[in-house]
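Here is what each chain is made of, one letter per residue.
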Amino acid sequence: MMSWWQKNNLRLVQNNLRETDANLDVDRLITDLQALSTNVLMMNGGGIVAFYPTKLEYQYRAEGQTKDLLKEAVEKSHTAGMKFIARFDFSKAHETIFAQKPEWFYRTREGKEVNYHGIVHTCINGYYQREYSLQMIDEVISNYDVDGIFFNMFGYQTRDYSGTNYGICFCDSCKTKFREFSGLDLPLTESLEDPVYRQYKLFQDATTKEMLDRIYELVKSKNKDIAISTYNEHKVDIVRKESNTDNKRPLPVWLYSASENVASLEDSWDDKLVSNCCINAIDLVHRFTGVSSHEVNIRLKAGLASGSGLDFCIIGVFEDYPDRENLPTVASVFEYHKNNEDYYGNFLSMSDVALIKPGKPVQKNMKEYFGIYKMLKEAHIVFDVLDQNVLARKLSSLNSYKAVIIPDISEFSEEELQALESISLQGVSLISTGGSFTAGAANQSFLKRNFDAVLAQEHVHNQEAAYLLTDDKQIFNSFPERDWIFLTGSFYKMEFGASTQKLLPYVIPSTFGPPERASGHKISEQLWGAATNKKGQQTNIYIPWPAGELYYKHGYADHKHVVLNLLQQAIKQPLVLTTNAPSSVEVFFHKLADGSYLLHLLNLSGFNGLTYTQPLPIFDLKITLNGLGECNEAIYLVDQSQAIYANSEQQITIEVPELTDFAAIVIRK
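Residues numbered from 1 in each chain as written. Predicted model: local features only at pLDDT ≥ 70, side-chain atom pairs only at ≥ 80, totals over all residues. Heavy atoms only, no water.

What to know about empty space enclosed by the protein
Reasoning step 1: With the rule as written, the count across this model stands at 4 cavities of 30 Å³ or more.
Reasoning step 2: Of the voids in this model, the largest cavity is the one considered here, and its volume is about 230 Å³.
Reasoning step 3: Looking at the largest cavity, it is lined by 18 residues, and the ones nearest its centre are Lys377, Phe383, Val587, Phe588 and His590.
Reasoning step 4: Of all elements in the fold, only α7 (257-266), α10 (367-378), β13 (383-387) and β22 (585-591) reach the threshold of two or more residues within the lining of the largest cavity.
Reasoning step 5: With 4 residues, β22 is the largest single contributor of residues to the lining of the largest cavity.
Reasoning step 6: Of the residues in the lining of the largest cavity, the class split is 10 nonpolar, 5 polar and 3 charged.
Reasoning step 7: Its volume calculated, the second largest cavity comes out at about 80 Å³.
Reasoning step 8: Together, 13 residues line the second largest cavity, and Tyr106, Thr122, Tyr156, Gln157 and Cys169 are the ones closest to its centre.
Reasoning step 9: Partitioned by chemical class, the residues of the lining of the second largest cavity number 7 nonpolar, 6 polar and no charged. (1 Å grid on protein atoms, 1.4 Å probe; cavity = no way out; pocket = protein on both sides within 12 Å on 5 of 7 lines; lining within 4 Å. Points joined across faces, edges and corners; volume = space filled by probe spheres on them. Helix = DSSP H or I, 4+ residues; strand = E, 2+ residues; numbered from the N terminus. Nonpolar A, V, L, I, M, F, W, Y, C, P; charged D, E, K, R; others polar.)

Some remarks on helix α14 (residues 547-554)
Reasoning step 1: With 6 of 8 residues buried, α14 lies mostly within the body of the structure.
Reasoning step 2: In this structure, the buried side of α14 is in contact with α10, β17 (484-496) and α15 (557-570). (Buried < 20%, exposed > 50% of the residue type's maximum accessible area, 1.4 Å probe, protein only. Contact = heavy atoms within 4.5 Å.)

Comments concerning the pattern of salt bridges
Reasoning step 1: Scanning the entire structure with this criterion turns up 33 salt bridges.
Reasoning step 2: Residue lysine 360 is joined to glutamate 416 by a salt bridge in which the shortest nitrogen-to-oxygen separation is 2.8 Å. Of this pair, lysine 360 sits in the loop between β12 (353-357) and α10 while glutamate 416 sits in helix α12 (residues 414-425), and the two are 56 residues apart along the sequence.
Reasoning step 3: Salt bridges here are not isolated pairs; linked through shared partners, they connect Asp27, Lys67, Glu72 and Lys76. (Salt bridge = Lys/Arg side-chain N within 4 Å of Asp/Glu carboxyl O.)

Concerning unusual backbone geometry
Trans peptide bonds make up most of the peptide bonds, and negative phi angles are found at most residues other than glycine.
Reasoning step 1: Looking along the chain, the bond that leaves leucine 251 and enters proline 252 is cis, with omega of 5°.
Reasoning step 2: For proline 252, the position within the fold is in the loop between β9 (238-243) and α7.
Reasoning step 3: With phi around 55°, histidine 117 is a residue other than glycine that occupies positive phi space.
Reasoning step 4: You can see histidine 117 is positioned in the loop between β5 (115-116) and β6 (119-121).
Reasoning step 5: Backbone geometry places glutamine 650, a non-glycine residue, at a positive phi of 65°.
Reasoning step 6: Its location among the elements puts glutamine 650 in the loop between β26 (644-648) and β27 (651-659).

Structure below.
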């Protein structure tokens, strides 16, 4: 029998309660939630503050609470037809508990605790989290009919709410467990270049998973239909992610937060679902002012179109929340989903390409991945995101792609390499960027076999005027009048073998100033910016520099066009979807279980790089779907009107005369 969450139709609202909400008006809250078409309420249960009459000695109950808020909220949620998820936070505890059990808590290298306004940081390896947290969970799930439990800030937390970083924990528990794990003392740096710190990252991953194993065993032994949720994929049912902002976060603003959060989970794990929380607040400090309603609109709709339900969060309750501007937008999107939820929650892939998401604890470069994600989105290439950790178990479905892109992932396990080699032998093209497959003998052997490439050395450009020459205009057809593209950052000097076609000759740096001395560049005959290696009908491509990272950081289209031009060389067949839509339209295309298809168009033109505003209408869009046979009906879900379509030679062309904000079109054959 299917568990309640497996329908993947969540319309979840999280009310992050303050201690002052301990006696809140539950009837008023339920009424406000019903106005938003909510079907799941997430609300505080225990941890930092218990919102029920706990009998546990070392759990602090909300001051002045006069009722069992948790009991009332659970019962009234169920009466209203909503599920209830109890929220816990074990990352911190009240200072009165620290006074009694100081050995349970986090310590800086100097042996100091972190006390933030009376709330003290705990440690995942200390008794409080490892043992006592299980007693808190047990008390709640044994006495309250909750449908799920969620853990906030699970794992290793080293920052306070003001953003101060206190470094790794040096409590006695961490010292002992890390020595047992590695035979080493705790690292004194937080650099991935430090081999001890790299061991510590593996230790963090192992101990976090060990704790999740223990939670899973406890909860499922009591009731297998209680959903477990946190920000980790291991032994959870609902993986929580967040689309949020922070005014201290470095630029660029990541437009595809919701899309990427959802796709990277939904495309990789069949036994889990993702709930991507749209955080209303602009940051942790300013919790009572929301982001733009246009940003909320994009987050929610992009999440839906990528394959998830809906999730929205505010601090406190609605009756005294000072920013109500975004609530009509939330209500509108939630109502749309309520009216059309039969179409959502079970999308099937129609993707030509898979992009691997780096998934190891010691991964260095996520910017390369984000940049290539952005390239593919802007080019309207339908693609899946596969977490590196699932490659081996997804082997049977990997050969459905035309190409798999590896974005600067230096190291894969033996099983992961075998999976990639298997699909390569079956004709799937591998496209690699940066320094992929350069760490360790097994990876370098894979690099030689599949790309006919050997790493000579890595060179990091620093104040150099290096370029790549786009001399082959037949391949690099995006550069009819531009011969050089700039190169900075890492460049992996590769010795490409005789079986390769060497492309993008390296333009050796020369002087760039003063102007009178800006000359003397030479074209290298040994160093190359790309090489193709044909194996039968399949072409593998290696790009030994971080094109994605450069595009993510700087936004110059040259770096995007190089990757897309090379991708065209790897994929000779027509793509499943082509369109005249500008890059400011995000396109989603999936198959449904009944054999029909669902096409989404999301207008992102209101985003200017920093600010989200009303999108501009976009006219005369055409979307061509290849190889699907003939269409018999196309319906807009928003208003149930007929869409314009035409059939020709295994192609379906959908015409959208005007896209204002969002379109969802069901295509039936």
